[in-house]
Amino acid sequence: MPKINVTHTNADLDDDLQDTIHRKLSFALDCFDENIRDVNVIVSDVNGPRGGIDKKISIRVRLMPRGNIVLTDQTSNIYEGISHLAHAVKENIGQRLRKSRDRIRKTELRNARALDA
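Residues numbered from 1 in each chain as written. Predicted model: local features only at pLDDT ≥ 70, side-chain atom pairs only at ≥ 80, totals over all residues. Heavy atoms only, no water.

Visitor: Sorry, what's going on with the environment of Ile93 here?
Guide: Residue position: Ile93 is located in helix α2 (residues 78-116). For Ile93, a relative accessible area of 0% corresponds to the buried category. Placed 68 residues apart in sequence, Ile93 and Leu25 show a C-alpha to C-alpha distance of 13 Å. Residues within four places of Ile93 in sequence aside, it is in contact with Leu29, Phe32, Ile36, Val61, Leu63 and Ile69. (Helix = DSSP H or I, 4+ residues; strand = E, 2+ residues; numbered from the N terminus. Buried < 20%, exposed > 50% of the residue type's maximum accessible area, 1.4 Å probe, protein only. Contact = heavy atoms within 4.5 Å.)

This is the structure we're talking about:
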């Protein structure tokens, strides 16, 4: 399971919300465990006590051996925002790994053809 760090600025994160963040991200990213160095989540209240769509959630996933994926959402409901971003991060990592594997396969195929020639 990747290390998930949660920090907040001007936003109250109770234990239930922190547990939800850890659970949703752990579930979404579990299949990519060997490809993830760590995950950083920052939750901030942009407008303070005025209300509205003012919760900003940023998730940064550091990949191994290199690379980052950073996604941000602004919402009035942190639970919905985390669910949305957890799904989006999972899709992004899957897409990036598929592209990387395809590049490796193409290179291997090109090298094999060069050896046969």
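Visitor: Teacher, can you tell me more about the pairing of strand β4 (residues 68-75) here?
Guide: A regular strand places its side chains so that they alternate between the two faces of the sheet. The side-chain alternation of β4 yields one buried face, formed by Ile69, Leu71, Asp73 and Thr75, and one unburied face, formed by Asn68, Val70, Thr72 and Gln74. In the sheet, strand β3 (residues 55-63) pairs with β4 via eight bridges, with the strands oriented antiparallel. Bridge pairing in β4 links Lys56 to Gln74. The hairpin turn running from β3 into β4, its antiparallel successor, is four residues long, and Gly67 in that turn takes a positive phi close to 110°. (Pairing = 2+ DSSP bridges.)

Visitor: Explanation requested: the packing of helix α1 (residues 15-29) against α2 in the structure shown.
Guide: Axis angle and axis distance: for two packed helices, these are the angle between their axes and the distance between the axes, and together they describe the pair. The contact between α1 and α2 brings their axes to 9 Å, and the two run at 20°. By the angle class used here, α1 and α2 are roughly parallel. In the crossing of α1 with α2, the sense of the turn from one axis to the other is right-handed. Where α1 approaches α2, its residues Asp16, Leu17, Thr20, Ile21, Lys24, Leu25, Ala28 and Leu29 are matched on the opposing element by Ile78, Tyr79, Ile82, Ser83, Ala86, Val89, Lys90 and Ile93. Split by residue class, the contact of α1 with α2 holds eleven nonpolar, two polar and three charged. (Axes fitted to C-alpha atoms, helices over the stretch in contact; angles between N-to-C directions. Parallel < 35°, antiparallel > 145°, perpendicular 65-115°, else oblique. Left-handed = near helix turned anticlockwise from the far one by under 90°. Nonpolar A, V, L, I, M, F, W, Y, C, P; charged D, E, K, R; others polar.)

Visitor: Help me understand the nonpolar core in this model?
Guide: Soluble, globular proteins show a tendency: their nonpolar side chains are buried together. The biggest cluster of nonpolar side chains holds 28 residues, and the ones touching the most others in it are Val39, Val41, Ile59, Val61 and Ile93. Mapped onto this core, the elements with two or more residues apiece are β1 (3-9), α1, β2 (36-45), β3, β4 and α2. Of the residues forming this core, the biggest block, eight residues, is contributed by α2. Beyond its immediate stretch of four places on either side in the chain, Val61 contacts Ile36, Asp38, Val39, Gly67, Asn68, Ile69, Val89 and Ile93. (Core = buried A, V, L, I, M, F, W, Y, C linked by side-chain atoms within 4.5 Å.)

Visitor: I would appreciate a short explanation of the sheet that holds β1 in the present structure.
Guide: Backbone hydrogen bonds hold the strands of a sheet together, and the pairing may be parallel or antiparallel. In spatial order, the strands read β1-β2-β3-β4; together these four strands make up an open sheet with mixed pairing. Of all the strands in the sheet, just β1 and β4 have a single pairing partner and so form its edges. Strand-to-strand twist in this sheet, taken as the mean axis angle between neighbours without regard to direction, amounts to 15°. Each of β1, β2 and β3 touches α1; the most contacted strand, β2, lies at about 145° to it.

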